[in-house]
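Results of the structural survey
The residues making up each chain are set out below.
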Amino acid sequence: METDLSVSDVMSRRLITADVSETADRLGRIMADAGVGCIIITKEGHPIGIVTERDLVVKIISKNRQPSKVKAQDIMSTPLITIPPDKSVELASREMARRRIRRLPVVQDRKLIGMVSDSDLILVSSELGEILRDIIRQNNPEGEFAVESEWEAEEKTPTVFVQGICEVCGNLAESLEYIDGAYVCTRCREELSLYQ
């Protein structure tokens, strides 16, 4: 385990924030324009919550609420779970798995200085794969990591998996395909076809 790596070594410094009074429709536009899946909510300049794409779907769209009338403070997840920049990536990974979250804002002296995501941590070290599989497992309990008998797995095994860890190269991939008993990313799938 690469214990000398700290959160500050792997965090993204690109931060998207909005005030608690911002409306949900504006939050959605900000996230879409920035190409991000979450936005940190602040009050008087201090981070106090987070709104994710999932929050917009579950708390607005699924309930047929009018986004222009819903404030960030009404849909944000709070209290904001944060981590100091000097903590280890291992601790960050374990905290994300324990709390079932995919993003961890990095805060120092009440000031938001970065963000670390499950993808950031996967890229850092393949040795963190087991811990990060817990994060993915909590997001997909019926998928690749579910514990079941072999015959149950064969009946339920999807041929395409949206996101997960390639069982050949060990990297996080946006799309995996089930080939010969393993989930394989696009790059490895192309390499496998060269040898067949």
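Parameters and conventions
Residues numbered from 1 in each chain as written. Predicted model: local features only at pLDDT ≥ 70, side-chain atom pairs only at ≥ 80, totals over all residues. Heavy atoms only, no water. Helix = DSSP H or I, 4+ residues; strand = E, 2+ residues; numbered from the N terminus. Buried < 20%, exposed > 50% of the residue type's maximum accessible area, 1.4 Å probe, protein only. Pairing = 2+ DSSP bridges. Axes fitted to C-alpha atoms, helices over the stretch in contact; angles between N-to-C directions. Contact = heavy atoms within 4.5 Å. Arc of directions from axis to C-beta. Patch = residues over 30% accessible without salt bridge, like charges linked within 9 Å, V, L, I, M, F, W, Y side chains within 5 Å. Areas by Shrake-Rupley, 256 points an atom, 1.4 Å probe, with all protein chains shown as cover. Salt bridge = Lys/Arg side-chain N within 4 Å of Asp/Glu carboxyl O.

1. Some remarks on the environment of Ala173
- If you trace the backbone, Ala173 turns up in strand E8 (residues 172-173).
- Looking at Ala173, the relative accessible area reads 10%, which means it is buried.
- Considered as a pair, Ala173 and Ser119 are 54 residues apart in the sequence and their alpha carbons are 9.5 Å apart.

2. Quick word on the sheet that holds strand E1 (residues 17-19)
- Taken together, three strands build an open sheet; the order of strands is E1-E2-E3 and the sheet is mixed. What marks the edges here is a single partner per strand, and that holds for E1 and strand E3 (46-52). Shown here is a sheet whose adjacent strand axes are inclined to one another by a mean of 35 degrees, direction ignored.
- As judged from the three bridges shared by E1 and strand E2 (residues 38-43), these two strands associate in the parallel manner. If you follow Thr17 over to E2, its bridge partner there is Ile40.
- Against the sheet, helix H2 (residues 24-34) makes contact with E1, E2 and E3, and its axis sits at roughly 130 degrees relative to E2, the strand it touches most.

3. Re helix H3 (residues 53-61)
- By the burial criterion, the buried members of H3 are Asp55, Leu56 and Ile60. One side of H3 holds all its buried residues, which, seen down the axis, span an arc of 100 degrees. Residues Arg54 and Ile61 are exposed on H3 and point more than 90 degrees away from its buried face.
- Where H3 is buried, its residues contact H2, E3 and helix H4 (72-75).

4. Overview of a nonpolar patch on the surface
- A cluster of nonpolar side chains, namely Val57, Val58 and Ile61, defines an oily patch on the protein surface of about 250 Å² accessible area.
- Relative to the helices and strands, Val57 is located in helix H3.
- You can call Val57 partly exposed: its relative accessible area is 44%.

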